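Overview (structure and organization)
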Amino acid sequence: MSSILPDAKREAIAAVVSQTVRETSVYDIHTHLYDPAFGELLLWGIDDQLVYHYLVAEAFRHFDIGFEAFWRLAREEQAQMIWDALFVENSPISEACRGVLTVLNRLGLDANQRDLPSIRKWFAEQDSGDYITRCMDLAKVRTICMTNSPFDELETPKWNAGFERDERFTSALRIDPLLLEWDTAAPRLAGAGYEVQADFSGRTMEEVQRFLRDWAKRMDVLYVMVSLPPAFEYPADTQCSRLIDGAILPFCRESGLPFALMIGVKRGVNAALQLAGDGVGKPDLASLENLCSGHPDNKFLCTVLSRESQHELCVIARKFRNLHVFGCWWFTNIPSVIEEMTRMRLDLIGMSFTAQHSDARVLDQIIYKWDHSREIIAKVLTEKYLNLAATGWEPSGVEIQRDVEGLFGGSFQRFLSR
Ligand code: FIX
Ligand code: ZN
């Protein structure tokens, strides 16, 4: 029979868990941030925070302006409109709004004045190099994994020229156009000297593998990644499925790199909103099951976008140790859902997952994304350790530290090296 814990013991456990979760550094395994060598591609500051697509989507619910007219405005004007609509004319309650305020607060700025020009002035005075270190220190993020695409015309010249890597930034090879837009990707590969045919004939699959090998080496990547629509099917008579079998999985096996799937995004549900116009749908995760069961020598990372799919994802992870579940992605990265997902994952797969990733597009956001998540993770973990302690199994501080390190990147790193 479980025992009733004395209050002092409950408080002691809660205090150790909160402190450990607050202070343990994280490996942020999926972001849209860039090594400082990419210069202006690494976004930071108040205007970039305000025009984040999460806030654009929310602000348009209040705007009367047409989509095109909004996109023609300068970034500062867009930011001002979003600030007025979401912060001044309404209370900034949503997770993305609160995030901006958490960032300002942790940086020591007084947002209570509602004075955007003075906030701008403060950011204009920051040195970008120091600011990266400051944000990473405040967020206690030790390493940031970038999303790097060989199809991105802004970043490829930099990779081709070569640069000295900042060791705090690692890389993931992003291949959405290859798998989802083969008809336009194939001529691009051919133009870059890879002998590929639109109908997959000849040496196409070997050459796609050579393309992946070249870029994986140039970027020194940790994993290969794609984000997929809810309609994703595997195996299937589709270009995507053929490429997965013919090129992606063989390359990942040969290189030992996991294949990361982010499943459930409906691109351009309202295309006029640009990046803010993507939606969510429920995928058939039998495809993920088929991948994991059919390819035991491949490793898979997965996060799914719909709340309804989270339970199914955990059950699949219980069946397949070649699957590592990570993060609370995008529309699930809100307090109520993070709490539910974290509790469910702990209940079903224990400590063998990565609790969160930031998906930050603007550097400053790592501060709020990790602050907010740490608070929820601490709450759920405390509840779990108290349940354990009630059985007589009291977790030690060292054990709690070990567990939190696992959830914050340790388990991911072990999965990579397996
Ligand atoms: O596909 C992705 O990596 C998504 O995270 C992005 O496309 C999305 O725009 C985003 O920023 C979500 O947080
Ligand atoms: Zn992302």
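Now for a look at the structure at hand. Here the structure is a predicted model, which means the values were calculated and not measured.

A few words now on helix H6 (residues 95-106). The end-to-end C-alpha distance of H6, which contains twelve residues, comes to 16 Å, matching closely the 16 Å that a straight helix rising 1.5 Å per residue would cover. Within H6 the residues assigned to the buried category are Glu95, Ala96, Cys97, Gly99, Val100, Thr102, Val103 and Leu104. Buried residues along H6 sit in contact with helix H2 (46-50), helix H3 (53-59), helix H5 (75-88), helix H7 (116-124), helix H16 (335-349) and helix H17 (365-390). The positive-phi residue at the C-terminal boundary of H6 is glycine 108, with phi of around 90 degrees.

The next point concerns the sheet that holds strand S2 (residues 141-148). Spatial ordering of the open sheet is given by S1-S2-S3-S4-S5-S8-S9, a layout of seven strands whose pairing is parallel. With one partner strand each, in any of the chains shown, strand S1 (26-28) and strand S9 (323-325) form the two edges of the open sheet. The average undirected angle you get between the axes of adjacent strands in this sheet is 25 degrees. Pairing between strand S5 (residues 259-263) and strand S8 (residues 300-304): five bridges, direction parallel. Within S8, the residue paired with phenylalanine 259 across the bridge is phenylalanine 300. Contacts between helix H14 (residues 286-294) and the sheet are confined to S5, S8 and S9, with S8 contributing the most and set at about 170 degrees to the helix. In this fold helix H18 (residues 397-417) packs onto S1, S2, strand S4 (221-228), S8 and S9, with an angle of close to 60 degrees to the strand it touches most, S1.

Attention now moves to the environment of alanine 186. Its location among the elements puts alanine 186 in helix H11 (residues 182-191). Take alanine 186: its relative accessible area is 5%, and that puts it in the buried class. Setting aside its immediate chain neighbours within four residues, alanine 186 contacts Val196 and Ala198.

Turning our attention to the pattern of salt bridges. As enumerated under the stated definition, the model contains 24 salt bridges in all. The shortest N-O distance in the salt bridge between arginine 75 and glutamate 76 comes to 3.0 Å. Across the pair glutamate 195 and arginine 203 runs a salt bridge whose closest N-O atoms are separated by 3.9 Å.

For ligand 1, the full set of nearby residues is His30, His32, His53, Tyr54, Arg174, Ser227, Met262, Arg267, Trp329, Trp330, Asp359 and Arg361. Between ligand 1 and histidine 30, the relevant distance is 3.2 Å, taken from an oxygen atom to a side-chain nitrogen or oxygen of the residue. Between ligand 1 and arginine 267, the relevant distance is 2.9 Å, taken from an oxygen atom to a side-chain nitrogen or oxygen of the residue. Across the shell around ligand 1, the residue classes break down as four nonpolar, four polar and four charged.

The rules we used
As a convention, each chain's residues are numbered from 1 in the sequence order in which they are written. Think of it this way: whatever chain is written first is A, whatever ligand is written first is 1, and the rest follow in order. Selection of residues for local features in this predicted model requires a pLDDT of at least 70, selection of side-chain atom pairs for listing and counting requires 80 or more, and totals for whole chains, interfaces and linings are taken over all residues. The side-chain figures draw on all heavy atoms in the structure; neither hydrogens nor water molecules are used. For helices the rule is a DSSP run of H or I covering at least 4 residues; for strands it is a run of E covering at least 2, with both sets numbered from the N terminus onward. An expected span of 1.5 Å times one less than the residue number is assigned to each helix. Each residue's exposure class comes from its accessible area (1.4 Å probe, protein chains only) as a fraction of the maximum for that residue type: buried when under 20%, exposed when over 50%, partly exposed otherwise. Contacts: residue pairs with any heavy atoms within 4.5 Å of one another. Any two strands with at least two DSSP bridges between them are considered paired. A fitted line through C-alpha atoms represents every axis, and for helices the fit uses only the stretch in contact; the resulting angles, taken between N-to-C directions, go from 0 to 180 degrees. The salt bridge criterion pairs a side-chain nitrogen of Lys or Arg with a carboxyl oxygen of Asp or Glu, the two atoms within 4 Å. What makes a residue near a molecule or strand is one non-hydrogen atom of that residue sitting within 4 Å of it. Here a polar contact is recorded for every N or O atom pair within 3.5 Å, except that within protein the pair must consist of a potential hydrogen donor and a potential acceptor, and residues adjacent in sequence are included only if both atoms are side-chain atoms. Any residue that is not Ala, Val, Leu, Ile, Met, Phe, Trp, Tyr, Cys, Pro, Asp, Glu, Lys or Arg is counted as polar, Gly included; the first ten are nonpolar and the last four charged.

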